[in-house]
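For reference, the chains in residue letters:
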Amino acid sequence: MTARIIDGKAEAARLRAQIAVDVAELKRDHGVVPGLAVVLVGNDPASEVYVRNKATQTREAGMASFEYRLPESLSEHALLELIGELNARPDVHGILVQLPLPPQISSERILTAIAPEKDVDGLHPINVGYLAAGKAGLVPCTPLGCVILAKTVHESLQGLDVVVVGRSVLVGRPVAQLLLGENCTVTIAHSQTRDLPSTCRRADLLVVAVGRPQMVRGAWIKPGATVIDVGINRVPKDGGGTRLVGDVAFDEAVEVAGAITPVPGGVGPMTIACLLANTLTCARLRLGLSVAA
Ligand code: NDP
């Protein structure tokens, strides 16, 4: 058996195209252009690339992009002041502070300072609380992308046995809560889980977010299961250089699974597309409109 490859790039392009249509409609009917502010502190090269890609795709969707590149030495007070200004600006609908932040700045204090209704990363305690309570709020982008990709395989996720490996605030926990909201039966596994291989083998839908290259082997996967691999790991390549791999041993898993996301080209592209979707959601909610389908 060879699994169907879930094309995250194509799905993300489809979502971005739909967002561009909705943005144009919002502009035409309400005179509002959704605006996303992205704040980068320091010069981490990977974060630099993410911020550039976010800004480009924001503009391509017809939204306004406001970028702030600030020095590594920035004080927490100065960043809190900027967040206060962005919270007050009517042309800014979403605010994203790129993590990680330098050690003198508490990410918890910064994330909590962002107005919950502009929290496009879904990490403000109020939005975290809404998700935990099963209520509507802004949801973290990568988990949202995982659920959208799973729905390209399963018309309904209802009743599926799901195992999420990883319990981070950013990915594992929110993806588990979203899937619970889809009426899945969810198990959350982590570094202290006993017999991880047999836990994984119970899953109709296996979501892996651990940050360990190719940890989940083909033999851990139930035949025909859907596998969503969130991991992004850079490893040495034969013959020099590096390459990206996921948390799942793709070559083995593809022989057992029914459908699987590749790395790169799976969950990764969905993250920015979902960031744009959240920015549009913020703009629509500000206008008192329902959230676009
Ligand atoms: P974290 O390091 O915050 O969390 C990792 C989780 O994996 C923890 O809950 C940890 O368990 C668990 N874990 C670690 N080792 C094992 C093990 N041997 N067995 C079982 N569980 C284990 O990582 P993130 O959630 O932030 O990210 C996970 C991966 O996803 C990374 O590769 C990251 O790069 C990628 N990522 C990709 C994104 C995308 O856009 N595609 C976005 C965000 C992340 P415990 O809690 O017990 O320590």
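Now for a look at the structure at hand. Please read these numbers as outputs of a predicted model, since none were measured by experiment.

## Re the overall build of the protein chain
Item 1. From N to C terminus, the protein chain includes 10 helices and 11 strands.
Item 2. Here the C-alpha atoms of the protein chain give a radius of gyration of 19 Å, agreeing with the 19 Å that 2.2 N^0.38 yields for 293 residues.
Item 3. The principal-axis extents of the C-alpha atoms in the protein chain amount to approximately 50 × 40 × 35 Å.
Item 4. A burial count over the protein chain gives 48% of its 293 residues as buried.
Item 5. If you take every contact in the protein chain between residues at least 6 apart in sequence, the share linking residues at least 24 apart comes to 68%.
Item 6. Side chains of the protein chain give 28 positive and 29 negative charges; the mean places of these two sets differ by 1 Å.

## A closer look at the site of the ligand
Item 1. Taken together, 21 residues lie around the ligand, and Arg167, Ser168, Ser191, Arg212 and Thr271 are the ones closest in.
Item 2. Residue Arg167 places a side-chain N or O atom 2.7 Å away from an oxygen atom belonging to the ligand.
Item 3. Take Ser168: an N or O atom from its side chain is 2.5 Å from an oxygen atom of the ligand.
Item 4. For the ligand, the accessible surface in isolation is 930 Å², of which the surrounding protein chains cover 70%.
Item 5. Of the residues forming the shell around the ligand, the biggest block, three residues, is contributed by helix H10 (residues 267–286).
Item 6. Partitioning the shell around the ligand into residue classes produces nine nonpolar, 10 polar and two charged.

## Regarding the sheet that holds strand S11 (residues 259–260)
Item 1. A sheet is described by the order of its strands in space; here six strands give the open sequence S1-S11-S8-S7-S5-S6, paired in parallel fashion. Across the chains shown, the open sheet's two edge strands, defined by having one partner strand only, are strand S1 (4–5) and strand S6 (185–189).
Item 2. Relative to S11, strand S8 (residues 226–229) runs parallel, the two sharing two bridges. Within S11, the residue paired with Val227 across the bridge is Ile260.
Item 3. Contacts from helix H7 (residues 172–181) reach strand S5 (161–165), S6 and strand S7 (205–208) within the one sheet, and its direction differs from that of S5 by about 170°.

## Looking at the pairing of strand S3 (residues 64–70)
Item 1. Here strand S2 (residues 35–41) runs beside S3; their pairing, made up of seven bridges, is parallel. Bridging across to S3, Gly35 finds its partner in Ala64.
Item 2. As a crossover connection, the stretch from S2 through helix H2 (residues 45–60) into S3 is right-handed.

## What about the nonpolar core?
Item 1. Ranked by size, the top nonpolar core spans 49 residues in total, and within it Ile19, Leu179, Leu205, Val207 and Ile228 carry the most contacts.
Item 2. At the level of elements, helix H1 (8–30), S2, helix H6 (141–153), S5, H7, S7 and H10 are the ones that each hand at least two residues to this core.
Item 3. Top element by residues in this core is H10. It accounts for 10 residues.
Item 4. Those residues in contact with Leu205, other than ones at most four positions away along the chain, are Ala150, Leu160, Asp161, Val162, Val163, Leu179, Thr226 and Ile228.
Item 5. Val163, Leu206, Ile221 and Ala225 belong to the second largest nonpolar core, which has 20 residues in total.

## Focus on the packing of aromatic side chains
Item 1. This structure, assessed with the given rule, holds zero aromatic pairs.
Item 2. The ring of Phe66 carries Arg89 above its face, with NZ or CZ at 4.6 Å from the centroid.

Parameters at a glance
Residues numbered from 1 in each chain as written. Predicted model: local features only at pLDDT ≥ 70, side-chain atom pairs only at ≥ 80, totals over all residues. Heavy atoms only, no water. Helix = DSSP H or I, 4+ residues; strand = E, 2+ residues; numbered from the N terminus. Rg over C-alpha atoms; globule rule 2.2 N^0.38 Å. Buried < 20%, exposed > 50% of the residue type's maximum accessible area, 1.4 Å probe, protein only. Contact = heavy atoms within 4.5 Å. Lys, Arg positive; Asp, Glu negative; His and termini not counted. Charge placed at Lys NZ, Arg CZ, Asp CG, Glu CD. Near = heavy atom within 4 Å. Polar contact = N/O pair within 3.5 Å; in protein donor to acceptor, adjacent residues only side chain to side chain. Areas by Shrake-Rupley, 256 points an atom, 1.4 Å probe, with all protein chains shown as cover. Nonpolar A, V, L, I, M, F, W, Y, C, P; charged D, E, K, R; others polar. Pairing = 2+ DSSP bridges. Axes fitted to C-alpha atoms, helices over the stretch in contact; angles between N-to-C directions. Right-handed = clockwise from strand over helix to strand, strands pointing away. Core = buried A, V, L, I, M, F, W, Y, C linked by side-chain atoms within 4.5 Å. Phe/Tyr/Trp six-rings, centres within 6.5 Å; stacked < 30°, edge-to-face > 60°. Lys NZ or Arg CZ within 6 Å of the ring centre and 35° of its normal.

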